[in-house]
Amino acid sequence: MKKVSFSPKPAGSTARLSPDEWIGDKDAGQPMKRLTIDVPLGLHKRIKTQCANRGTKMADALRELLEKQFPEESGSLPIAASPNANPP
């Protein structure tokens, strides 16, 4: 049986980052927040396949769609939630 040894963490290494710090994109110009959603398997496969074919990341494609749907300066009314979303 082969024995494997692990060396200690290198001196001066950074402390563990929180998930919010880890996903932070220094080029984005503003802090990033994680958004978790559940999608059907078929939809996930379609998104992943088309992004791979285009050479883009899923997160970038979804951010682009969200920016189009929810522009910063919009004169339109917000999209109404489904009637069952928040019962009175």
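Calculation rules
Each chain has its residues counted from 1, following the order in which its sequence is written. Confidence filtering applies because this is a predicted model: local features only for residues at pLDDT of at least 70, side-chain atom pairs given and counted only at 80 or more, and all residues used for totals across whole chains, interfaces and linings. Hydrogen atoms and water are omitted, and side-chain values are computed over all heavy atoms in the structure. Strands here mean DSSP runs of E at least two residues long; helices mean DSSP runs of H or I at least four residues long; both are numbered from the N terminus. For the area figures, the Shrake-Rupley method with a 1.4 Å probe applies, and any residue is considered shielded solely by the protein chains shown. The distinction between a cavity and a pocket rests on a 1 Å grid over the protein atoms alone: a 1.4 Å probe fits inside a cavity but cannot get out, while a pocket stays open yet meets protein on both sides within 12 Å along at least five of seven lines, and a residue with an atom within 4 Å of a point counts as lining. Grid points are joined across faces, edges and corners, and a volume is the space filled by probe spheres set on the points. Think of it as three bins: nonpolar holds Ala, Val, Leu, Ile, Met, Phe, Trp, Tyr, Cys and Pro, charged holds Asp, Glu, Lys and Arg, and polar takes everything else, Gly as well. Should a side-chain nitrogen of Lys or Arg be within 4 Å of a carboxyl oxygen of Asp or Glu, the pair is scored as a salt bridge. Exposure is judged per residue with a 1.4 Å probe applied to protein chains only, and the accessible area is read against the type maximum: over 50% gives exposed, under 20% gives buried, and values in between give partly exposed. Each patch is assembled from residues with relative accessible area greater than 30% and no salt bridge, linking like charges that lie within 9 Å and nonpolar side chains (Val, Leu, Ile, Met, Phe, Trp, Tyr) that lie within 5 Å. One less than the number of residues in a helix, times 1.5 Å, gives the span that helix is expected to have. In this analysis an axis means a line fitted to C-alpha atoms, helices contributing only their contacting stretch, and an angle means the value between N-to-C directions, from 0 to 180 degrees. With respect to orientation, any angle under 35 degrees is reported as roughly parallel, any angle over 145 as roughly antiparallel, any angle of 65 to 115 as roughly perpendicular, and every other angle as oblique. The contact rule is simple, with two residues in contact once any of their heavy atoms fall within 4.5 Å.

Asks: What should I look at first to understand the overall build of the protein chain in this one?
Replies: Within the protein chain, the regular secondary structure consists of 3 helices and 0 strands. Reading the protein chain from its N end, one meets helices and strands in the order α-α-α. Surface exposure of the protein chain reaches about 9,100 Å², of which carbon and sulfur atoms provide 57%.

Asks: What's the story with the layout of surface pockets in this structure? I'm lost.
Replies: Any empty space left between the atoms is revealed when a probe the size of a water molecule rolls over them. Reported here for the second largest pocket is a volume of approximately 230 Å³. Lining the second largest pocket are Arg46, Ile47, Gln50, Cys51, Arg54, Thr56, Asp60, Ala61, Leu62, Glu64, Leu65 and Lys68. Mapped onto the lining of the second largest pocket, the elements with two or more residues apiece are α2 (41–54) and α3 (58–69). Looking at the lining of the second largest pocket, the element that brings in the most residues is α3, giving 6 residues. A class-by-class count of the residues in the lining of the second largest pocket yields 5 nonpolar, 2 polar and 5 charged.

Asks: Explain the pattern of salt bridges here, please?
Replies: Any two side chains of opposite charge can pair, so long as their charged atoms come close to each other. In total, this model carries 2 salt bridges according to the counting rule given. Linking Asp60 and Arg63 is a salt bridge whose minimum nitrogen-to-oxygen distance equals 2.6 Å. Of this pair, Asp60 and Arg63 are both found in helix α3, 3 residues apart, which corresponds to roughly one turn of the helix. Accessibility expressed as a relative area gives 39% for Asp60, which makes it partly exposed.

Asks: Hey, could you run me through a nonpolar patch on the surface in this one?
Replies: There is a patch of nonpolar side chains on the surface, built from Leu35, Ile37, Val39, Leu66 and Phe70 and spanning about 500 Å² of accessible area. Mapped onto the fold, Leu66 is located in helix α3. A residue is classified by how much of its surface remains accessible, and Leu66, at 38% relative accessible area, is partly exposed.

Asks: Would you mind showing me how to read α2 here?
Replies: Three- or four-residue spacings in an α-helix give side chains the same orientation, since the helix completes a turn every 3.6 residues. Counted at 1.5 Å a residue, the expected span for α2 with its 14 residues is 20 Å, and the 20 Å between its end C-alpha atoms agrees. Just downstream of α2, Gly55 is the residue with a positive phi angle, here 75°.

Asks: I keep staring at the packing of α2 against α3 and nothing clicks. Help me out?
Replies: Pairs of packed helices are described in terms of their axes, by the angle between the two and the distance that separates them. Where α2 contacts α3, the axes come no closer than 9 Å and their chain directions differ by 105°. Judged by the inter-axis angle, α2 sits roughly perpendicular to α3. Together, His44, Ile47, Lys48 and Cys51 of α2 and Met58, Ala61 and Leu62 of α3 make up the contact between the two elements. Residue composition of the contact of α2 with α3, grouped by class: 5 nonpolar, 1 polar and 1 charged.

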